[in-house]
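# Close look at the chain arrangement
Spelled out from the first residue to the last, the chains are:
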Amino acid sequence: MSSEPRIAHLNLAREFRGGERQTLALIRALDGRVRQTAIVHRAAPLADQLSGLDVRIEAVGGSPLAAVAGTRGFDLLHVHEGRSPQTAALRWLLSRTPFIVTRRIPQAPSVTALWCYRRARRIVAVSDAIAETLRSCDSRLSLSTVHDCTPELEADPAAVAGIRGTAQLVIGQCGALHD
């Protein structure tokens, strides 16, 4: 029997955006150090991004209830997106498996999410503003701030020069524009 911790990363998002990039970056950083499983939505592209890493992939339905069975037998669950705290809290109720939540959005959490967060071993806010929002909702939360890492994206100097050469004003936006 291995003494190596068994960690499950929960990310039930259907798309591949910032939170999924951060999930991938963490799994890469832990690759070969701990036994990892990624519990992902069966229709999500995150599983494809994880190929080639030493991580077991558990593809599940997208609901928190559908994902609970996949969380059995781990030493720690790490929640990476908005619906997964419910899955982790349900697993905690069933077997007291500890979990941590990474919070990436600055809006106040829902009543349901806050109930789940109160059961988490730790909430990790990726910015001071997010941490402050969480503190204002419940000062008793076990809360830390760990800033997101920078993505491994490459700049294209020729494309930048081309845009600057044709425009007097350039405005850029990095991120998703939706509710």
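For the structure itself, look to the data block above.
What you are looking at is a predicted structure, and each value in this text was computed from that prediction instead of being measured.

This next bit is on unusual backbone geometry. At Arg96, a residue that is not glycine, the phi angle is positive and equals roughly 60°. Within the secondary structure layout, Arg96 lies in the loop between α4 (84-95) and β5 (99-103).

A separate point is helix α1 (residues 18-30). For α1, which comprises 13 residues, the first-to-last C-alpha distance of 18 Å matches the rise-based estimate of 18 Å (1.5 Å per residue) to within 8%. For α1, every residue scored as buried is listed here: Gly19, Glu20, Gln22, Thr23, Leu24 and Ile27. Along its buried surface, α1 packs onto β1 (6-11), β2 (35-41), α2 (46-49) and β3 (55-60).

On to the side chain of Thr97, then. Within the secondary structure, Thr97 is located in the loop between α4 and β5. In terms of polar contacts, Thr97 uses its side chain to reach the side chain of Ser95, at 2.9 Å. In contact with Thr97, not counting residues within four places along its chain, are Phe74, Asp75, Leu76, Leu77, Arg91 and Trp92.

What follows concerns the pattern of salt bridges. A pair can form between side chains of opposite charge whenever their charged atoms are brought close. This structure, assessed with the given rule, holds 5 salt bridges. The closest approach of N and O atoms between Arg118 and Asp138, which form a salt bridge, is 2.5 Å. Of the two residues, Arg118 is situated in the loop between α5 (111-117) and β6 (122-125) and Asp138 in the loop between α6 (128-137) and β7 (143-145); the sequence distance between them amounts to 20 residues. Looking at Asp138, the relative accessible area reads 5%, which means it is buried. In this structure, the salt-bridge partner of Arg140 is Asp138, at a minimum N-O distance of 3.0 Å.

Next up on the list: the packing of aromatic side chains. Geometry of an aromatic ring pair is reported as the spacing of the ring centres plus the angle between the planes. Following the criterion strictly, the structure yields 0 aromatic pairs and no others. Directly above the ring of Trp92 sits Arg96, whose terminal nitrogen or CZ lies 3.9 Å from the centroid.

Turning our eyes to something else, we now look at the sheet that holds β1. Read across the sheet, 7 strands follow the order β3-β2-β1-β4-β5-β6-β7 without closing on themselves; strand pairing throughout is parallel. Edge positions in the sheet fall to β3 and β7, since each of these pairs with one other strand and no more. Averaged over all pairs of adjacent strands, the angle between their axes in this sheet comes to 20°, without regard to strand direction. Across the sheet, α1 is in contact with β1, β2, β3 and β4 (76-79); its angle to β1 comes to roughly 165°. The strands touched by α4 are β1, β4 and β5; relative to β4, the strand with the most contacts, the crossing angle is about 160°.

Parameters at a glance
- Residues numbered from 1 in each chain as written.
- Predicted model: local features only at pLDDT ≥ 70, side-chain atom pairs only at ≥ 80, totals over all residues.
- Heavy atoms only, no water.
- Helix = DSSP H or I, 4+ residues; strand = E, 2+ residues; numbered from the N terminus.
- Expected span 1.5 Å × (residues − 1).
- Buried < 20%, exposed > 50% of the residue type's maximum accessible area, 1.4 Å probe, protein only.
- Contact = heavy atoms within 4.5 Å.
- Polar contact = N/O pair within 3.5 Å; in protein donor to acceptor, adjacent residues only side chain to side chain.
- Salt bridge = Lys/Arg side-chain N within 4 Å of Asp/Glu carboxyl O.
- Phe/Tyr/Trp six-rings, centres within 6.5 Å; stacked < 30°, edge-to-face > 60°.
- Lys NZ or Arg CZ within 6 Å of the ring centre and 35° of its normal.
- Pairing = 2+ DSSP bridges.
- Axes fitted to C-alpha atoms, helices over the stretch in contact; angles between N-to-C directions.

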